Amino acid sequence: MSVRILGIESSCDETAAAVVADGREILSSVVASQIDIHRKYGGVVPELASREHLRRIVPVVREALEQAGLRLQDVDAIGVTQGPGLVGSLLVGITYGKTLADTLGKPLVPVNHLEGHIHAVFLEAHKAGLAPELPAVGLIVSGGHTVLYEVQTKDVSRSDAGALWSYRRIGQTRDDAAGEAYDKVSKLLGLGYPGGPILDRLAAAADRAPAPVKFGPTKMKGNLFDFSFSGLKTAVLYHLRENPDYQAEIEKREAAIARGQRKFDQLLPLCSPKTLGLIREFQNAVVRDLAERTLKAAVEIGVPTVLVSGGVAANKQLRATFMERSRAAGLQVYFPSLALSTDNAAMIAAAAYPRLQNHILADLSLNASASLPIA
Ligand code: KG4
Ligand code: ZN
(Lines give C-alpha, C1' and ligand atoms only; values in the text may rest on other atoms or scores of the structure.)
(Ligands and ions follow the chains in the order given, each with its own letter.)
Protein backbone atom coordinates (compact mmCIF):
# COMPACT_ATOMS: atom_id res chain seq x y z
CA MET A 1 0.00 0.00 0.00
CA SER A 2 1.43 3.37 -0.93
CA VAL A 3 1.71 6.27 1.50
CA ARG A 4 -0.32 9.21 0.26
CA ILE A 5 0.40 12.65 1.60
CA LEU A 6 -1.78 15.70 1.12
CA GLY A 7 0.55 18.70 0.78
CA ILE A 8 -0.57 22.26 1.52
CA GLU A 9 1.44 25.35 0.46
CA SER A 10 0.54 28.97 1.25
CA SER A 11 3.87 30.66 2.00
CA CYS A 12 3.65 33.48 -0.54
CA ASP A 13 1.13 34.20 -3.29
CA GLU A 14 0.09 30.76 -4.51
CA THR A 15 -2.53 28.70 -2.70
CA ALA A 16 -1.64 25.12 -3.50
CA ALA A 17 -2.59 21.56 -2.59
CA ALA A 18 -1.40 18.24 -3.97
CA VAL A 19 -1.41 14.53 -3.27
CA VAL A 20 1.85 12.62 -3.69
CA ALA A 21 2.29 8.87 -3.22
CA ASP A 22 5.48 7.49 -1.64
CA GLY A 23 7.19 10.86 -1.92
CA ARG A 24 7.59 10.75 -5.71
CA GLU A 25 4.36 9.94 -7.57
CA ILE A 26 2.21 13.03 -8.15
CA LEU A 27 -1.47 12.02 -7.99
CA SER A 28 -2.68 15.63 -8.25
CA SER A 29 -1.31 19.16 -7.99
CA VAL A 30 -3.50 22.26 -7.89
CA VAL A 31 -2.12 25.81 -7.77
CA ALA A 32 -4.29 28.92 -7.46
CA SER A 33 -2.10 31.86 -8.41
CA GLN A 34 -2.79 35.32 -7.00
CA ILE A 35 -0.72 37.15 -9.61
CA ASP A 36 -3.75 39.01 -11.00
CA ILE A 37 -4.46 40.45 -7.56
CA HIS A 38 -0.90 41.62 -6.80
CA ARG A 39 0.04 42.72 -10.32
CA LYS A 40 -1.36 46.23 -10.03
CA TYR A 41 0.71 46.83 -6.89
CA GLY A 42 3.93 45.69 -8.58
CA GLY A 43 4.57 42.98 -5.98
CA VAL A 44 2.97 40.76 -3.36
CA VAL A 45 0.84 42.66 -0.82
CA PRO A 46 0.92 40.50 2.34
CA GLU A 47 -2.55 41.44 3.67
CA LEU A 48 -4.19 40.71 0.32
CA ALA A 49 -2.25 37.45 0.04
CA SER A 50 -3.54 36.06 3.36
CA ARG A 51 -7.08 37.12 2.60
CA GLU A 52 -6.90 35.37 -0.77
CA HIS A 53 -5.40 32.21 0.76
CA LEU A 54 -8.37 32.11 3.14
CA ARG A 55 -10.78 32.31 0.22
CA ARG A 56 -9.02 29.66 -1.87
CA ILE A 57 -7.63 27.08 0.52
CA VAL A 58 -10.77 24.93 0.94
CA PRO A 59 -11.67 24.66 -2.79
CA VAL A 60 -8.01 24.10 -3.74
CA VAL A 61 -7.64 21.19 -1.28
CA ARG A 62 -10.98 19.77 -2.42
CA GLU A 63 -9.87 19.92 -6.05
CA ALA A 64 -6.54 18.24 -5.28
CA LEU A 65 -8.39 15.35 -3.61
CA GLU A 66 -10.90 15.10 -6.45
CA GLN A 67 -8.16 14.99 -9.07
CA ALA A 68 -6.39 12.27 -7.10
CA GLY A 69 -9.68 10.35 -6.80
CA LEU A 70 -9.42 10.29 -3.02
CA ARG A 71 -11.49 11.30 -0.02
CA LEU A 72 -9.97 13.22 2.86
CA GLN A 73 -9.95 10.14 5.09
CA ASP A 74 -7.94 8.22 2.44
CA VAL A 75 -4.79 10.31 2.86
CA ASP A 76 -2.15 9.04 5.28
CA ALA A 77 -0.79 12.38 6.45
CA ILE A 78 -0.99 16.13 5.95
CA GLY A 79 2.22 17.97 5.00
CA VAL A 80 2.18 21.73 5.40
CA THR A 81 4.67 24.53 4.76
CA GLN A 82 5.86 25.92 8.09
CA GLY A 83 8.21 28.56 6.60
CA PRO A 84 10.04 30.53 5.40
CA GLY A 85 7.47 32.92 3.98
CA LEU A 86 4.90 35.54 4.87
CA VAL A 87 3.56 34.79 8.35
CA GLY A 88 -0.04 35.76 7.58
CA SER A 89 -0.02 33.57 4.47
CA LEU A 90 1.70 30.62 6.14
CA LEU A 91 -0.82 30.71 9.00
CA VAL A 92 -3.73 30.01 6.67
CA GLY A 93 -2.19 26.76 5.39
CA ILE A 94 -0.94 25.77 8.83
CA THR A 95 -4.29 26.36 10.52
CA TYR A 96 -6.14 24.42 7.86
CA GLY A 97 -3.56 21.63 7.93
CA LYS A 98 -3.79 21.38 11.72
CA THR A 99 -7.58 21.30 11.62
CA LEU A 100 -7.61 18.54 9.01
CA ALA A 101 -4.97 16.47 10.79
CA ASP A 102 -6.73 16.81 14.14
CA THR A 103 -10.24 16.03 12.92
CA LEU A 104 -9.08 13.13 10.74
CA GLY A 105 -6.66 11.78 13.34
CA LYS A 106 -3.79 11.86 10.79
CA PRO A 107 -0.16 12.89 11.34
CA LEU A 108 0.77 16.51 10.61
CA VAL A 109 4.18 16.97 8.97
CA PRO A 110 5.85 20.41 9.08
CA VAL A 111 7.83 21.18 5.91
CA ASN A 112 10.47 23.77 5.06
CA HIS A 113 9.51 25.52 1.82
CA LEU A 114 13.12 25.54 0.55
CA GLU A 115 13.47 21.81 1.15
CA GLY A 116 10.29 21.51 -0.90
CA HIS A 117 11.93 23.32 -3.83
CA ILE A 118 14.77 20.77 -3.83
CA HIS A 119 12.28 17.89 -3.76
CA ALA A 120 10.60 19.41 -6.84
CA VAL A 121 13.72 18.48 -8.80
CA PHE A 122 13.42 14.85 -7.66
CA LEU A 123 9.70 14.73 -8.52
CA GLU A 124 10.54 15.80 -12.05
CA ALA A 125 13.46 13.40 -12.41
CA HIS A 126 11.25 10.56 -11.18
CA LYS A 127 8.82 11.22 -14.05
CA ALA A 128 11.72 10.58 -16.44
CA GLY A 129 12.78 7.47 -14.53
CA LEU A 130 15.83 9.23 -13.09
CA ALA A 131 17.13 9.73 -9.56
CA PRO A 132 19.71 12.50 -9.14
CA GLU A 133 22.78 11.30 -7.33
CA LEU A 134 23.63 12.89 -3.96
CA PRO A 135 25.64 14.69 -2.66
CA ALA A 136 24.67 17.62 -4.83
CA VAL A 137 24.85 21.37 -4.94
CA GLY A 138 21.33 22.82 -4.91
CA LEU A 139 20.54 26.33 -6.11
CA ILE A 140 17.18 27.75 -5.06
CA VAL A 141 16.52 30.85 -7.08
CA SER A 142 13.17 32.63 -6.83
CA GLY A 143 11.54 35.95 -6.08
CA GLY A 144 12.29 35.55 -2.38
CA HIS A 145 15.47 33.44 -2.32
CA THR A 146 18.83 32.96 -3.96
CA VAL A 147 20.66 30.39 -1.94
CA LEU A 148 23.15 27.61 -2.54
CA TYR A 149 23.28 24.41 -0.45
CA GLU A 150 25.24 21.25 -0.37
CA VAL A 151 22.63 18.51 -0.12
CA GLN A 152 23.49 15.09 1.28
CA THR A 153 21.54 12.12 2.65
CA LYS A 154 21.80 11.93 6.45
CA ASP A 155 22.37 8.20 6.15
CA VAL A 156 24.72 7.92 3.15
CA SER A 157 23.77 4.27 2.55
CA ARG A 158 20.21 5.38 1.64
CA SER A 159 19.13 6.94 -1.63
CA ASP A 160 15.37 6.24 -1.62
CA ALA A 161 12.57 8.83 -1.42
CA GLY A 162 12.23 8.21 2.33
CA ALA A 163 15.82 9.20 3.14
CA LEU A 164 16.29 12.35 5.21
CA TRP A 165 18.68 14.94 3.80
CA SER A 166 21.05 17.33 5.48
CA TYR A 167 21.99 20.76 4.16
CA ARG A 168 25.02 22.97 4.42
CA ARG A 169 24.58 26.51 3.20
CA ILE A 170 27.41 27.41 0.84
CA GLY A 171 26.25 30.82 -0.32
CA GLN A 172 23.33 33.21 -0.50
CA THR A 173 22.39 36.59 -1.87
CA ARG A 174 23.68 39.53 0.12
CA ASP A 175 20.89 41.77 -1.08
CA ASP A 176 18.16 41.10 -3.66
CA ALA A 177 17.04 37.66 -4.80
CA ALA A 178 17.53 37.07 -8.53
CA GLY A 179 13.76 37.01 -9.17
CA GLU A 180 13.45 40.27 -7.26
CA ALA A 181 16.05 41.82 -9.59
CA TYR A 182 13.99 40.64 -12.59
CA ASP A 183 10.86 42.12 -11.07
CA LYS A 184 12.52 45.46 -10.25
CA VAL A 185 14.19 45.86 -13.66
CA SER A 186 10.89 44.99 -15.33
CA LYS A 187 9.21 47.74 -13.33
CA LEU A 188 11.94 50.25 -14.33
CA LEU A 189 11.36 49.35 -17.97
CA GLY A 190 7.56 49.68 -17.73
CA LEU A 191 7.07 45.95 -18.35
CA GLY A 192 4.89 45.10 -15.33
CA TYR A 193 4.93 42.39 -12.67
CA PRO A 194 6.18 39.71 -12.46
CA GLY A 195 9.21 40.53 -14.56
CA GLY A 196 10.88 37.15 -15.10
CA PRO A 197 8.66 35.59 -17.76
CA ILE A 198 8.42 38.72 -19.97
CA LEU A 199 12.12 39.65 -19.70
CA ASP A 200 13.02 36.04 -20.50
CA ARG A 201 11.06 36.20 -23.76
CA LEU A 202 12.16 39.70 -24.73
CA ALA A 203 15.82 38.78 -24.15
CA ALA A 204 15.37 35.86 -26.54
CA ALA A 205 13.82 38.24 -29.09
CA ALA A 206 16.77 40.66 -28.88
CA ASP A 207 18.42 38.82 -31.75
CA ARG A 208 21.57 40.76 -32.73
CA ALA A 209 20.56 44.07 -31.15
CA PRO A 210 23.79 45.48 -29.70
CA ALA A 211 24.02 45.90 -25.94
CA PRO A 212 23.79 49.66 -25.17
CA VAL A 213 25.78 49.09 -21.97
CA LYS A 214 27.99 46.28 -20.64
CA PHE A 215 27.50 44.69 -17.22
CA GLY A 216 30.65 42.98 -16.03
CA PRO A 217 30.81 40.14 -13.50
CA THR A 218 29.82 41.10 -9.94
CA LYS A 219 32.94 41.41 -7.83
CA MET A 220 32.63 40.75 -4.13
CA LYS A 221 34.99 40.29 -1.23
CA GLY A 222 34.55 37.29 1.06
CA ASN A 223 32.59 34.16 0.19
CA LEU A 224 33.04 33.30 -3.50
CA PHE A 225 29.65 31.60 -3.57
CA ASP A 226 27.56 34.52 -2.36
CA PHE A 227 25.42 36.44 -4.84
CA SER A 228 24.50 40.10 -5.21
CA PHE A 229 21.99 41.54 -7.66
CA SER A 230 21.14 44.97 -6.34
CA GLY A 231 24.22 46.56 -8.01
CA LEU A 232 23.04 45.26 -11.36
CA LYS A 233 19.55 46.67 -10.80
CA THR A 234 21.09 50.04 -9.87
CA ALA A 235 23.29 49.92 -12.98
CA VAL A 236 20.13 49.52 -15.10
CA LEU A 237 18.52 52.41 -13.24
CA TYR A 238 21.53 54.70 -13.82
CA HIS A 239 21.75 53.71 -17.47
CA LEU A 240 18.08 54.63 -17.96
CA ARG A 241 18.57 57.96 -16.16
CA GLU A 242 21.61 58.82 -18.26
CA ASN A 243 19.72 58.04 -21.48
CA PRO A 244 16.44 60.00 -21.45
CA ASP A 245 15.55 58.61 -24.89
CA TYR A 246 14.23 55.45 -23.12
CA GLN A 247 11.52 57.45 -21.35
CA ALA A 248 8.97 57.71 -24.18
CA GLU A 249 8.84 53.96 -24.81
CA ILE A 250 8.74 53.20 -21.06
CA GLU A 251 5.65 55.41 -20.78
CA LYS A 252 4.04 53.70 -23.78
CA ARG A 253 4.58 50.28 -22.21
CA GLU A 254 3.26 51.46 -18.84
CA ALA A 255 0.13 52.70 -20.58
CA ALA A 256 -0.24 49.37 -22.43
CA ILE A 257 0.15 47.41 -19.18
CA ALA A 258 -2.44 49.69 -17.51
CA ARG A 259 -4.83 48.75 -20.36
CA GLY A 260 -4.17 45.07 -19.63
CA GLN A 261 -1.95 44.58 -22.69
CA ARG A 262 0.83 42.66 -21.02
CA LYS A 263 1.36 39.80 -23.47
CA PHE A 264 4.68 39.29 -25.21
CA ASP A 265 3.17 39.99 -28.67
CA GLN A 266 1.69 43.25 -27.39
CA LEU A 267 4.85 44.46 -25.63
CA LEU A 268 7.50 43.41 -28.17
CA PRO A 269 6.50 46.09 -30.73
CA LEU A 270 6.81 48.68 -27.95
CA CYS A 271 10.46 47.79 -27.31
CA SER A 272 13.25 49.44 -29.33
CA PRO A 273 16.30 47.34 -30.32
CA LYS A 274 18.21 49.34 -27.69
CA THR A 275 15.81 48.22 -24.96
CA LEU A 276 15.95 44.61 -26.16
CA GLY A 277 19.75 44.78 -26.13
CA LEU A 278 19.63 46.14 -22.58
CA ILE A 279 17.30 43.36 -21.42
CA ARG A 280 19.51 40.71 -22.98
CA GLU A 281 22.60 42.20 -21.33
CA PHE A 282 20.81 42.21 -17.94
CA GLN A 283 19.77 38.59 -18.35
CA ASN A 284 23.27 37.59 -19.50
CA ALA A 285 24.68 39.08 -16.31
CA VAL A 286 22.18 37.34 -14.00
CA VAL A 287 22.50 33.96 -15.71
CA ARG A 288 26.29 34.12 -15.95
CA ASP A 289 26.58 34.89 -12.24
CA LEU A 290 24.17 32.15 -11.14
CA ALA A 291 25.77 29.53 -13.37
CA GLU A 292 29.38 30.42 -12.65
CA ARG A 293 29.11 30.47 -8.87
CA THR A 294 26.91 27.37 -8.67
CA LEU A 295 29.03 25.23 -10.98
CA LYS A 296 32.25 26.42 -9.38
CA ALA A 297 30.84 25.38 -5.99
CA ALA A 298 29.98 21.92 -7.34
CA VAL A 299 33.46 21.43 -8.81
CA GLU A 300 35.23 22.74 -5.73
CA ILE A 301 33.23 20.63 -3.29
CA GLY A 302 33.53 17.66 -5.64
CA VAL A 303 29.87 16.64 -6.05
CA PRO A 304 28.53 15.01 -9.24
CA THR A 305 25.14 16.72 -9.33
CA VAL A 306 23.60 20.19 -9.56
CA LEU A 307 19.93 20.79 -8.69
CA VAL A 308 18.31 24.07 -9.78
CA SER A 309 14.86 25.06 -8.52
CA GLY A 310 12.57 28.05 -7.80
CA GLY A 311 10.71 30.47 -10.09
CA VAL A 312 13.83 31.75 -11.90
CA ALA A 313 14.74 28.14 -12.80
CA ALA A 314 11.96 28.53 -15.40
CA ASN A 315 14.27 30.87 -17.33
CA LYS A 316 15.15 29.43 -20.74
CA GLN A 317 18.60 30.97 -21.00
CA LEU A 318 19.43 29.90 -17.46
CA ARG A 319 18.52 26.30 -18.29
CA ALA A 320 20.50 26.32 -21.52
CA THR A 321 23.56 27.86 -19.85
CA PHE A 322 23.51 25.43 -16.94
CA MET A 323 23.12 22.46 -19.32
CA GLU A 324 25.96 23.57 -21.55
CA ARG A 325 28.41 24.51 -18.81
CA SER A 326 27.64 21.53 -16.57
CA ARG A 327 28.30 19.19 -19.47
CA ALA A 328 31.67 20.84 -19.99
CA ALA A 329 32.42 20.47 -16.27
CA GLY A 330 31.32 16.81 -16.18
CA LEU A 331 28.33 17.54 -13.90
CA GLN A 332 24.75 16.35 -14.14
CA VAL A 333 22.23 19.19 -13.85
CA TYR A 334 18.53 18.71 -13.06
CA PHE A 335 15.60 21.14 -13.21
CA PRO A 336 11.91 20.76 -12.39
CA SER A 337 9.34 21.34 -15.15
CA LEU A 338 8.05 24.90 -15.32
CA ALA A 339 4.99 23.99 -13.21
CA LEU A 340 7.17 22.45 -10.50
CA SER A 341 9.76 25.27 -10.61
CA THR A 342 7.39 27.87 -9.19
CA ASP A 343 5.60 27.39 -5.87
CA ASN A 344 3.42 24.29 -5.67
CA ALA A 345 2.27 21.77 -3.06
CA ALA A 346 3.52 18.58 -4.73
CA MET A 347 7.02 19.55 -3.60
CA ILE A 348 5.71 20.03 -0.05
CA ALA A 349 4.06 16.60 -0.01
CA ALA A 350 7.29 15.08 -1.41
CA ALA A 351 9.43 16.74 1.27
CA ALA A 352 6.95 15.60 3.94
CA TYR A 353 7.45 11.92 3.05
CA PRO A 354 10.91 11.30 4.58
CA ARG A 355 9.89 13.32 7.62
CA LEU A 356 6.77 11.19 8.07
CA GLN A 357 8.86 8.01 7.68
CA ASN A 358 11.22 9.31 10.34
CA HIS A 359 8.43 10.49 12.68
CA ILE A 360 9.29 14.19 12.44
CA LEU A 361 5.80 15.41 13.16
CA ALA A 362 4.08 18.49 14.54
CA ASP A 363 1.21 18.88 16.98
CA LEU A 364 -1.40 21.58 17.34
CA SER A 365 1.20 24.00 18.70
CA LEU A 366 2.80 24.27 15.22
CA ASN A 367 3.39 27.92 14.32
CA ALA A 368 4.48 29.78 11.20
CA SER A 369 8.15 30.71 10.95
CA ALA A 370 8.96 33.59 8.60
CA SER A 371 12.66 32.69 8.39
CA LEU A 372 12.68 28.97 9.19
CA PRO A 373 16.19 27.63 8.60
CA ILE A 374 16.52 24.47 6.51
CA ALA A 375 17.40 21.54 8.80
O1 KG4 B 1 9.34 30.45 -6.84
P2 KG4 B 1 8.42 31.58 -7.20
O3 KG4 B 1 7.13 31.24 -7.89
O4 KG4 B 1 7.98 32.38 -5.93
C5 KG4 B 1 8.84 32.73 -4.91
O6 KG4 B 1 9.00 31.92 -3.97
O7 KG4 B 1 9.43 33.84 -5.05
O8 KG4 B 1 9.29 32.63 -8.05
C9 KG4 B 1 8.75 33.81 -8.57
C10 KG4 B 1 9.88 34.62 -9.17
C11 KG4 B 1 9.49 36.00 -9.65
O12 KG4 B 1 10.43 36.92 -9.19
C13 KG4 B 1 9.52 35.88 -11.17
O14 KG4 B 1 9.84 37.11 -11.82
C15 KG4 B 1 10.59 34.85 -11.37
O16 KG4 B 1 10.42 33.92 -10.32
N17 KG4 B 1 10.47 34.15 -12.67
C18 KG4 B 1 11.40 34.19 -13.63
C19 KG4 B 1 10.88 33.46 -14.73
N20 KG4 B 1 9.63 32.98 -14.36
C21 KG4 B 1 9.41 33.41 -13.09
N22 KG4 B 1 12.60 34.78 -13.67
C23 KG4 B 1 13.31 34.67 -14.80
N24 KG4 B 1 12.88 34.01 -15.90
C25 KG4 B 1 11.68 33.38 -15.90
N26 KG4 B 1 11.27 32.73 -16.99
ZN1 ZN C 1 9.24 29.32 -3.45
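Residues numbered from 1 in each chain as written. Chains lettered and ligands numbered in written order. Predicted model: local features only at pLDDT ≥ 70, side-chain atom pairs only at ≥ 80, totals over all residues. Heavy atoms only, no water.

Looking now at the sheet that holds strand β5 (residues 108-112). Taken in spatial order, the 5 strands line up as β3-β2-β1-β4-β5 in an open sheet, and their pairing is mixed. For this open sheet the edge positions go to β3 (25-33) and β5, each flanked by a neighbour on one side alone. Averaged over neighbouring strand pairs, the angle between their axes works out to 20° when direction is ignored. Alignment of strand β4 (residues 77-83) against β5, held across 5 bridges, turns out to be parallel. Residue pairing for β5: Gly79 is matched across the bridge by Val109. Against the sheet, helix α13 (residues 346-357) engages β1 (4-9), β2 (14-21), β3, β4 and β5, with an angle of about 115° to β5. (Pairing = 2+ DSSP bridges. Helix = DSSP H or I, 4+ residues; strand = E, 2+ residues; numbered from the N terminus. Axes fitted to C-alpha atoms, helices over the stretch in contact; angles between N-to-C directions. Contact = heavy atoms within 4.5 Å.)

Close contacts around ligand 1 come from 20 residues, with Gly143, Asp183, Asp200, Gly311 and Asn315 the closest. Within the backbone of Gly196, a nitrogen or oxygen atom sits 3.0 Å from an oxygen atom of ligand 1. Look at ligand 1: alone it shows 560 Å² of surface, and the protein chains cover 89% of it. Mapped onto the shell around ligand 1, the elements with two or more residues apiece are α5 (178-188) and α6 (196-204). Tallied by class, residues from the shell around ligand 1 come to 5 nonpolar, 11 polar and 4 charged. (Near = heavy atom within 4 Å. Polar contact = N/O pair within 3.5 Å; in protein donor to acceptor, adjacent residues only side chain to side chain. Areas by Shrake-Rupley, 256 points an atom, 1.4 Å probe, with all protein chains shown as cover. Nonpolar A, V, L, I, M, F, W, Y, C, P; charged D, E, K, R; others polar.)

Looking at the secondary structure, you find Pro336 in the loop between β10 (332-334) and α12 (338-341). Classification of Pro336 as buried rests on a relative accessible area of 1%. Between the C-alpha atom of Pro336 and that of Arg280, which follows or precedes it by 56 residues, the distance is 24 Å. Those residues in contact with Pro336, other than ones at most four positions away along the chain, are Ala120, Val121, Glu124, Val308, Ser309, Arg319 and Ser341. (Buried < 20%, exposed > 50% of the residue type's maximum accessible area, 1.4 Å probe, protein only.)

Before going further, it helps to examine the coordination of the zinc ion (ligand 2). Tetrahedral coordination by four donors puts the ideal angle at the metal at 109.5 degrees, and octahedral coordination by six puts it at 90 or 180 degrees. Here the zinc ion (ligand 2) is held by the protein donor atoms His113 (NE2), His117 (NE2) and Asp343 (OD), which lie 2.1 to 2.2 Å from it. Taken together, the 4 donor atoms surrounding the zinc ion (ligand 2) define angles of 92 to 142° at the centre, an arrangement classified as irregular. Here the donor residues of the zinc ion (ligand 2) share one chain and are spaced in sequence as H-x3-H-x225-D. With His117 in helix α4 (residues 113-127) and Asp343 in the loop between α12 and α13, this residue pair connects regions lying 226 residues apart in the sequence. Summarising the burial analysis for this pair, His117 and Asp343 share the class buried. (Donors = N, O, S within 2.8 Å, 3.2 Å for Na, K, Ca; no water. Tetrahedral: all angles 85-135°; square planar, octahedral: opposite > 155°, others 65-115°.)

We now examine the packing of helix α2 (residues 46-68) against helix α3 (residues 87-104). At a minimum axis separation of 8 Å, α2 and α3 run at an interaxial angle of 30°. Accordingly, the angle class assigned to the pair α2 and α3 is roughly parallel. The handedness of the crossing between α2 and α3 is right-handed. Between α2 and α3, the contacting residues are Ala49, Ser50, His53, Leu54, Ile57, Val58 and Val61 on the first element and Gly88, Ser89, Val92, Gly93, Tyr96 and Leu100 on the second. (Parallel < 35°, antiparallel > 145°, perpendicular 65-115°, else oblique. Left-handed = near helix turned anticlockwise from the far one by under 90°.)

Moving on: the packing of aromatic side chains. For the structure on display, the rule yields 5 aromatic pairs. With a centroid separation of 5.2 Å and 80° between ring planes, the pair formed by Tyr182 and Phe282 is classed as edge-to-face. Note that Tyr182 is positioned in helix α5 and Phe282 in helix α10 (residues 273-301), a separation of 100 residues in sequence. What makes Phe282 buried here is its relative accessible area of 1%. A cation over a ring is seen here: Lys274 above Tyr246, with NZ or CZ 4.8 Å from the ring centre. (Phe/Tyr/Trp six-rings, centres within 6.5 Å; stacked < 30°, edge-to-face > 60°. Lys NZ or Arg CZ within 6 Å of the ring centre and 35° of its normal.)

The subject of this paragraph is the side chain of Ser369. Looking at the element boundaries, Ser369 is found in the segment after α13. Each residue touching Ser369, except ones within four places of it in the same chain, is listed here: Gln82, Gly83, Pro84, Gly85 and Leu90.

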